[in-house]
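Analysis of the macromolecular model
The chain contents come next:
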Amino acid sequence: AQSVSQHNHHVILSEAASLELGCNYSYGGTVNLFWYVQYPGQHLQLLLKYFSGDPLVKGIKGFEAEFIKSKFSFNLRKPSVQWSDTAEYFCAVYAGNNRKLIWGLGTSLAVNP
Amino acid sequence: KAGVTQTPRYLIKTRGQQVTLSCSPISGHRSVSWYQQTPGQGLQFLFEYFSETQRNKGNFPGRFSGRQFSNSRSEMNVSTLELGDSALYLCASSGQETQYFGPGTRLLVL
């Protein structure tokens, strides 16, 4: 069965630290990849997505992600986090003709001021 | 464009009751998906509707049902509520292969 794995369940960083959240999926064919963010008390928002083309994707609020097909990975990065980045981050994948969006369990990020 | 709206935002019910949640998608979007979100379980897919037809279904019991109207608005119904149904229920409308989420309905079952 197709699955999405987010390796870090809880991450705590200080402001200005660099961030990398891991996301791996299990599917060998064509994929559409997403990162969503859920700020405390707010609804899920799309951070960025990859369908095709340049594997380095830039999203909102200074986030970027790199699709590495050989590693089945789509890791999220930000060079310098802020306190306002405290949120839950979800990776999701559309795989092949399956119309279901497969979700990781999320990573809770806390940024200390 | 207005975003996805969900009503009600909060709901308290008791075991055995039933509940109906409503979702209005982004104008022009014909696909609506429903999810249950609980701490530690992430987002669990309930079902997806497209043009009034259920196109996909998750692994939830038959107590969970849904429908979609001709204007793409969708409802989900949970009958015979159980304590474990307490969760945030999210609706997402899809456009160009991307899902956009509403604020959710937080359901508490006592």
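Definitions and limits used
- Residues numbered from 1 in each chain as written.
- Chains lettered and ligands numbered in written order.
- Predicted model: local features only at pLDDT ≥ 70, side-chain atom pairs only at ≥ 80, totals over all residues.
- Heavy atoms only, no water.
- Helix = DSSP H or I, 4+ residues; strand = E, 2+ residues; numbered from the N terminus.
- Rg over C-alpha atoms; globule rule 2.2 N^0.38 Å.
- Buried < 20%, exposed > 50% of the residue type's maximum accessible area, 1.4 Å probe, protein only.
- Contact = heavy atoms within 4.5 Å.
- Areas by Shrake-Rupley, 256 points an atom, 1.4 Å probe, with all protein chains shown as cover.
- Lys, Arg positive; Asp, Glu negative; His and termini not counted.
- Charge placed at Lys NZ, Arg CZ, Asp CG, Glu CD.
- Pairing = 2+ DSSP bridges.
- Axes fitted to C-alpha atoms, helices over the stretch in contact; angles between N-to-C directions.
- Salt bridge = Lys/Arg side-chain N within 4 Å of Asp/Glu carboxyl O.
- Buried area = accessible area lost by both parts, 1.4 Å probe.
- Polar contact = N/O pair within 3.5 Å; in protein donor to acceptor, adjacent residues only side chain to side chain.
- Nonpolar A, V, L, I, M, F, W, Y, C, P; charged D, E, K, R; others polar.
- 1 Å grid on protein atoms, 1.4 Å probe; cavity = no way out; pocket = protein on both sides within 12 Å on 5 of 7 lines; lining within 4 Å.
- Points joined across faces, edges and corners; volume = space filled by probe spheres on them.

**Some details on the overall build of chain A**
Summing up its helical and strand segments, chain A has zero helices and twelve strands in all. Ordered by position in the sequence, the α and β elements of chain A form the string β-β-β-β-β-β-β-β-β-β-β-β. Its C-alpha radius of gyration of 14 Å places chain A within 12% of the 13 Å reference for a compact globule of 113 residues. With respect to the principal axes defined by its C-alpha atoms, chain A has extents near 45 × 25 × 20 Å. Expressed as a percentage of the 113 residues in chain A, the buried residues total 45%. A separation threshold of at least 6 residues defines the contact pool for chain A, and within that pool the share at least 24 residues apart is 55%. Per element, the accessible surface of chain A, about 5,400 Å² overall, is 52% carbon and sulfur. Across chain A, the 9 positively charged side chains and the 7 negatively charged ones have centroids separated by 10 Å.

**Things to note about the sheet that holds strand β7 (residues 64–68) of chain B**
Residue and element names in this part refer to chain B. Sheet architecture is open: four strands sit in the order β1-β3-β8-β7, paired in antiparallel fashion. Of all strands in the sheet, those with a lone pairing partner are β1 (5–7) and β7, marking the two edges. Sheet twist, expressed as the average angle between the axes of neighbouring strands with direction ignored, equals 20 degrees. Bridging between β7 and strand β8 (residues 74–78) involves five bridges; their strand directions are antiparallel. The residue of β8 that forms the bridge with Gln68 is Ser74.

**Quick word on the pattern of salt bridges**
With the rule as written, the count across this model stands at nine salt bridges over all chains. The partner of Glu66(A) in a salt bridge is Arg77(A), with the nearest N and O atoms 3.2 Å apart. Of this pair, Glu66(A) sits in strand β8 (residues 64–68) while Arg77(A) sits in strand β9 (residues 73–78), and the two are eleven residues apart along the sequence. When its relative accessible area of 29% is taken as the criterion, Glu66(A) is described as partly exposed. With its nearest N and O atoms 3.6 Å apart, the salt bridge here joins Glu82(B) to Arg63(B). You can see Glu82(B) sitting in the loop between β8 and β9 (87–95) and its partner Arg63(B) sitting in the loop between β6 (53–57) and β7, a full 19 residues away along the chain. Under the relative-accessibility criterion, Glu82(B) is labelled partly exposed at 43%. Beyond isolated ion pairs, a larger network of salt bridges with shared partners links Lys58(A), Glu64(A), Glu66(A) and Arg77(A).

**Here we look at the interface of chain A and chain B**
Contacts between chain A and chain B engage 17 residues on the former and 23 residues on the latter. Considering only the side of chain A, the residues that lose the most area to chain B are Arg99(A), Lys100(A) and Trp103(A), jointly responsible for 34% of the buried surface there. Connecting chain A to chain B are zero salt bridges. If you look at where chain A meets chain B, you find six residue pairs in polar contact (both at pLDDT 80 or more). At the level of secondary structure, the elements contributing two or more residues to the side of chain A that touches chain B comprise β5 (31–38), β6 (45–50), β10 (87–95) and β11 (101–103) of chain A. Broken down by element, the side of chain A that touches chain B gets its largest block of residues, four residues, from β5(A). Of the residues assigned to the side of chain A that touches chain B, the class counts are ten nonpolar, four polar and three charged.

**Considerations on the layout of surface pockets**
In this structure, the largest pocket encloses a volume near 370 Å³. Ile102(A), Leu43(B), Gln44(B), Phe45(B) and Asn59(B) are, among the 15 residues lining the largest pocket, the residues nearest its centre. Elements that contribute at least two residues to the lining of the largest pocket include exactly β11 of chain A together with β5 (42–50) of chain B.

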